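Structural description and commentary
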Amino acid sequence: MVEEVIVVENLQAAYGENVILSDVSFQVKRGEIFAIVGGSGCGKSTLLKYLIGLMRPHVGRIIVEGVDMATADDETINAHRKRFGVLFQSGGLIGSMTLAENIALPLKEVKKIPPFFLAQLIRAKLSMVNLAGYENHYPAELSGGMRKRAGLARAMALDPAILFFDEPTAGLDPVTAREIYDLISTINKGMETTMVIVTHDLELIFRLAHEVILLHSEEKGIIAYGTPKQLAEFEADRRVMNFFQRKSP
Amino acid sequence: MTKGYRMEQKADRILMAGELLLPDVPSFLEEIEGILKQKNSTSLEINLTDLKKVDSAGALALTHIEEESRKRSLVVAWKGMNDDVRKVLNLIDRQALNLPPLHEIEKRVSFFEATGDLCVKIAHDFYTILTFVGELLVSIPYCLLHPRSLRWGDILVNMRRTGADALPIVGLLSLLIGLIMAFMSSLQLRQLGANIYVASLVGIAIVKELGPMMTAIIVAGRSGSSFAAEIGTMIVNEEVDALTTMGFHPIRFLAIPKIIATSIVVPLLTLYAMMFGILGGLIVGIIGLDITLTTYLKESFRGVELWDVITSLLKAFTFAILIAGIGCHRGFQVVGGAEAVGEATTSAVVTSIFLIIAADAAYAVLLHYLG
Ligand SMILES: Nc1ncnc2c1ncn2[C@@H]1O[C@H](COP(=O)(O)OP(=O)(O)O)[C@@H](O)[C@H]1O
Ligand SMILES: [Mg+2]
């Protein structure tokens, strides 16, 4: 059964008068890893803000798991957001809380979890991202890669149906980046989580992504849409070739 | 709310069906606890054939059954686990579950320990402030000798923020203080028929003490805190490290312009505050006490000498250096994240107000012996 989890139709993304993207349409299917790629400043993070409901569309439609992000009221969107996990570019951990408290934050919603089980659940999440034992550390005591992984543990706290990532591997060394690939792939296979990943990491795209859209800042929109393999063999557009056929380091 | 799972016990078998998800986990744990408590045989079969789905909390709850059974020397046999459940169960690393955390959370310390810590902290604080003063003593002459190394644009911006932008609030508060003082003192002096002394009383109090002090406290709250926050945030964002690696001296680059700007602007603000304070007294004098404008002003200036104004401006200058110095110093002390910036801001205001009052007391003693 192929089911569209996210449907975007003719979306225009803008900050006030300043239009960043226009006429963007794509669909994300359940259980797939969907990559949004493009050079920096082309509007990837902006598109992500629209998908997770931090910004509301004025032109075009976004439907995420059946909820229309343009017309739904704040309450609905808020309840709906519990089905998402978002990993922000720098982790988005709350600095004044330990990792355990950070991860417990979304779990607060569920009433009456016995404390021992909460501790075990936190430990289980942390061990999924290879941070078992770091419960009582503060984010400032971790490296960038560890913070991203901890952010991922928090994003996964409620076993979301959709996980959004903003540049999960940017600024990480290749070894840590590979750990993140494995993690993404394990979670995707184990829990059938749909994943939307903003990235310009070619290795991630070719290893993991099922479908890719390439954004371009001059076009203010999508210039290529397909599987990684299709885009790698795409020859009609120089810009697409430049992006996908550059040598991986 | 209906439960997503169903559980049925038949002698040594438990049949599970439906979906075991996080919201149902607490009640599931309770139920399972009850079942295990009653059991007195040595084996348990758990049949998961009809269990369609678990999430990670559900999977963890299943591993919890195994754990609990082991404690009661029960042997658990799993039957009919489907692939979806198995995949999620495999995500859970059982060995990791029971290891202790790497750090323990700091325990609460006893009163004596806390007092000792506080003393050490204050001593250390004193030491770092002295070090900072030392650095300033080196940096300020350097900047004065090399005026081109100063960032004049930044000084002007800081003068605007600390000075011009504070004009409304300083003016308003001084005016109100003058009004209040004149009003309160007139209640007493009127009984003695000494209305006319309201003028010199307000004049002396405003010029000698309240003008410089009020201005300094307002500037500490407005600008001292913002210096600490600005520099602290720059430290958190590694901007200060970036400046250092580009060969800039962070104190010269960030602190000196603020200190110079503040020490120019605070004496001016103080003069301005004095004017408004006297104006406040004047309003009460004219409206409430029927003193004429000229008499009031003449009386005011009889109590106040030029020397008083000069020493007050000197005081204001000292306060300015304290405010800006402490603000920047607290900013540079930031280690860690956003929370530390908040602490630095608070500490900048508290420390500088304390030092302002201490310095004011020192001036009072000094001026007493000088004059
Ligand atoms: N808060 C904002 N207000 C106005 N413009 C913004 C804002 N954030 C980003 N932009 C602009 O939107 C464009 C896309 O930014 P972004 O989505 O962050 O790009 P990226 O693809 O690198 O994530 C950029 O030109 C940026 O200048
Ligand atoms: Mg971005």
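Structure shown above.
This structure is a prediction, so every number in the text was calculated from the model and none was measured.

Concerning the sheet that holds strand β4 (residues 75–79) of chain B
Residue and element names in this part refer to chain B. Pairing is mixed across the open sheet formed by four strands, whose spatial order is β1-β2-β3-β4. Sheet topology places β1 (5–10) and β4 at the edges, where each strand pairs with a single neighbour. The sheet shows a mean angle of 20° between the axes of neighbouring strands, direction not considered. Where strand β2 (residues 13–20) lies against strand β3 (residues 43–54), seven bridges are found, and the strand directions are parallel. Residue pairing in the sheet places Arg13 in a bridge with Glu45 of β3. In this fold helix α2 (residues 56–71) packs onto β2, β3 and β4, with an angle of close to 180° to the strand it touches most, β3.

A closer look at the packing of aromatic side chains
Residue and element names in this part refer to chain B. In this structure the tally under the stated criterion is 11 aromatic pairs over all chains. For the pair Phe111 and Phe112, a centre-to-centre distance of 5.4 Å together with 70° between the ring planes defines the contact as edge-to-face. Residue class for Phe112 comes out exposed when judged on its relative accessible area of 67%. Consider the rings of Phe248 and Phe253, whose centres lie 4.8 Å apart with planes at 55°: the pair is tilted. Accessibility expressed as a relative area gives 37% for Phe248, which makes it partly exposed.

What to know about the state of the cysteines
Note on terminology: a disulfide is the covalent bond linking the sulfur atoms of two cysteines. Residue and element names in this part refer to chain B. What the rule picks out here adds up to zero disulfides over all chains. Just so you know, Cys143 is unpaired, no disulfide at all, and the nearest cysteine sulfur is the one on Cys328, 12 Å from it. Its relative accessible area of 2% is what places Cys143 among the buried residues. Judged by relative accessible area, which is 0%, Cys328 ranks as buried.

Here's the deal with a nonpolar patch on the surface
All names here are of chain B. A cluster of nonpolar residues, Leu279, Ile283, Ile286, Ile287, Leu293, Leu297 and Phe301, forms a patch on the protein surface that exposes about 620 Å² of accessible area. Those elements giving two or more residues to the nonpolar patch turn out to be α10 (250–289) and α11 (293–303). It is α10 that contributes the most residues to the nonpolar patch, four residues altogether. Topologically, Leu279 is positioned in helix α10.

A short note on helix α3 (residues 99–107) of chain A
Residues three or four positions apart in an α-helix share a direction because the helix packs 3.6 residues into each turn. For α3(A), every residue scored as buried is listed here: Leu99(A), Ala100(A), Asn102(A), Ile103(A), Ala104(A) and Leu107(A). Those residues of α3(A) hidden inside the fold are in contact with α4 (115–128) and α5 (144–155) of chain A.

Concerning the pairing of strand β1 (residues 4–15) of chain A
Residues and elements named next belong to chain A. In terms of strand pairing, β1 meets strand β2 (residues 18–29) through eight bridges, oriented antiparallel. Paired with Tyr15 across the bridge in β2 is Asn18. The turn linking β1 back onto β2 is made up of two residues, and Gly16 within it adopts a positive phi angle of 60°. The pairing of β1 with strand β4 (residues 59–64) spans five bridges and is classified as antiparallel.

Some words on helix α6 (residues 174–191) of chain A
Residues and elements named next belong to chain A. Here α6 spans 25 Å end to end across 18 residues, near enough to the 26 Å set by a 1.5 Å rise per residue. Inspection of α6 places Thr176, Ala177, Ile180, Tyr181, Leu183, Ile184, Ser185, Ile187, Asn188, Gly190 and Met191 among the buried residues, and these make up the whole buried set. A side-chain oxygen of the first residue of α6 lies 3.1 Å from the backbone nitrogen of Val175; this N-cap is Asp173. Glu192 sits one or two residues past α6 and shows a positive phi near 55°.

As for the nonpolar core
Judged by nonpolar contacts, the single largest core of 72 residues is most densely connected at Phe117(A), Leu152(A), Ile184(A), Met16(B), Phe28(B) and Leu62(B). Top contributing element to this core by residue count: α6(A), with seven residues. Those residues in contact with Met16(B) that sit more than four places away from it in its chain are Tyr5(B), Arg6(B), Met7(B), Phe28(B), Asn47(B), Leu48(B), Asp50(B), Leu51(B) and Leu62(B). Ala13(A), Val28(A), Phe84(A) and Ala161(A) belong to the second-largest nonpolar core, a separate cluster that totals 34 residues.

Remarks on the sheet that holds strand β9 (residues 211–216) of chain A
Residues and elements named next belong to chain A. The six strands lie next to each other as β6-β7-β8-β3-β9-β10, forming an open sheet whose pairing is mixed. For this open sheet the edge positions go to β6 (84–87) and β10 (221–226), each flanked by a neighbour on one side alone. Pairwise comparison of adjacent strand axes, ignoring direction, gives a mean angle of 15° for this sheet. Both strand β7 (residues 162–166) and strand β8 (residues 194–198) contribute to a ladder of five bridges, which runs parallel. Within β8, the position partnered with Phe164 by the bridge is Val196.

Digging into the packing of helix α7 (residues 167–191) of chain B against helix α8 (residues 197–236) of chain B
Residues and elements named next belong to chain B. As a packed pair, α7 and α8 sit with axes 9 Å apart at the nearest point and diverge in direction by 145°. Crossing hand, α7 versus α8: right-handed. The segment α7 lies against α8, with Ile169, Val170, Leu173, Ile177, Gly178, Met181, Ala182, Ser185, Ser186 and Leu189 engaging Tyr197, Val198, Leu201, Val202, Ala205, Ile206, Leu210, Met214, Thr215, Ile218 and Arg222. A breakdown of the residues in the contact of α7 with α8 according to their chemical character gives 16 nonpolar, four polar and one charged.

Examining the site of ligand 1
Residues and elements named next belong to chain A. Around ligand 1, the neighbouring residues are Tyr15, Ile20, Gly39, Ser40, Gly41, Cys42, Gly43, Lys44, Ser45 and Thr46. Within the contact set of ligand 1, an oxygen atom lies 2.7 Å away from a backbone nitrogen or oxygen of Gly41. With respect to ligand 1, the backbone of Lys44 contributes an N or O atom lying 2.8 Å from an oxygen atom. For ligand 1, whose accessible area on its own is 560 Å², the fraction buried by protein is 57%. The leading source of residues in the shell around ligand 1 is helix α1 (residues 44–51), at three residues. Counted by class, the shell around ligand 1 contains three nonpolar, six polar and one charged residues.

What counts as what
- By convention here, each chain's residues receive numbers from 1 onward along its written sequence.
- Each chain is given a letter, starting from A, and each ligand a number, starting from 1, according to the order in which they appear as written.
- For a predicted model such as this one, the threshold for reporting local features is a pLDDT of at least 70, and the threshold for listing and counting side-chain atom pairs is 80 or more; totals across whole chains, interfaces and linings nevertheless cover every residue.
- In computing side-chain properties, one takes all heavy atoms of the structure into account and sets aside hydrogens as well as water.
- Here the rule is simple: two strands pair whenever DSSP picks up at least two bridges between them.
- Helix and strand labels come from DSSP, where a helix needs a run of H or I of at least four residues and a strand needs a run of E of at least two; each type is numbered from the N terminus.
- Here an axis means a line fitted to C-alpha atoms, over the contact stretch when the element is a helix, while the angle between two N-to-C directions is reported on a 0 to 180 degree scale.
- The contact criterion used throughout is that any non-hydrogen atoms of two residues lie within 4.5 Å.
- Only rings of Phe, Tyr and Trp enter the pairing, Trp through its six-membered ring, and a pair is recorded when the two centres are within 6.5 Å. The plane angle decides the type: under 30 degrees is stacked, over 60 is edge-to-face, the rest tilted.
- Burial classes follow relative accessibility: with a 1.4 Å probe on protein chains only, a residue under 20% of its type's maximum area counts as buried, one over 50% as exposed, and anything between as partly exposed.
- To count as a disulfide, a pair of cysteine sulfur atoms needs to be within 2.5 Å.
- Residues enter a patch when their relative accessible area is above 30% and they make no salt bridge; the linking distance is 9 Å between like charges and 5 Å between nonpolar side chains (Val, Leu, Ile, Met, Phe, Trp, Tyr).
- Surface exposure here means Shrake-Rupley accessible area, sampled with a 1.4 Å probe, where a residue is shielded only by the protein chains that are shown.
- By definition here, a salt bridge exists when the distance from a side-chain nitrogen of Lys or Arg to a carboxyl oxygen of Asp or Glu is within 4 Å.
- One less than the residue count of a helix, multiplied by 1.5 Å, gives the span that helix is expected to have.
- Distance and chemistry together define a polar contact, namely a pair of N or O atoms within 3.5 Å, with one atom able to donate a hydrogen and the other to accept it when in protein, and with adjacent residues in sequence counting only for side-chain atoms on both sides.
- In these notes, a set of buried Ala, Val, Leu, Ile, Met, Phe, Trp, Tyr and Cys residues joined through side-chain atoms within 4.5 Å is what counts as a nonpolar core.
- Note on convention: the crossing is left-handed when the near helix lies turned anticlockwise from the far helix by less than a right angle, right-handed when the turn is clockwise.
- Three categories are distinguished: nonpolar for Ala, Val, Leu, Ile, Met, Phe, Trp, Tyr, Cys and Pro, charged for Asp, Glu, Lys and Arg, and polar for the others, with Gly belonging to the last.
- In these notes, residues near a molecule or strand are those with any non-hydrogen atom within 4 Å of it.

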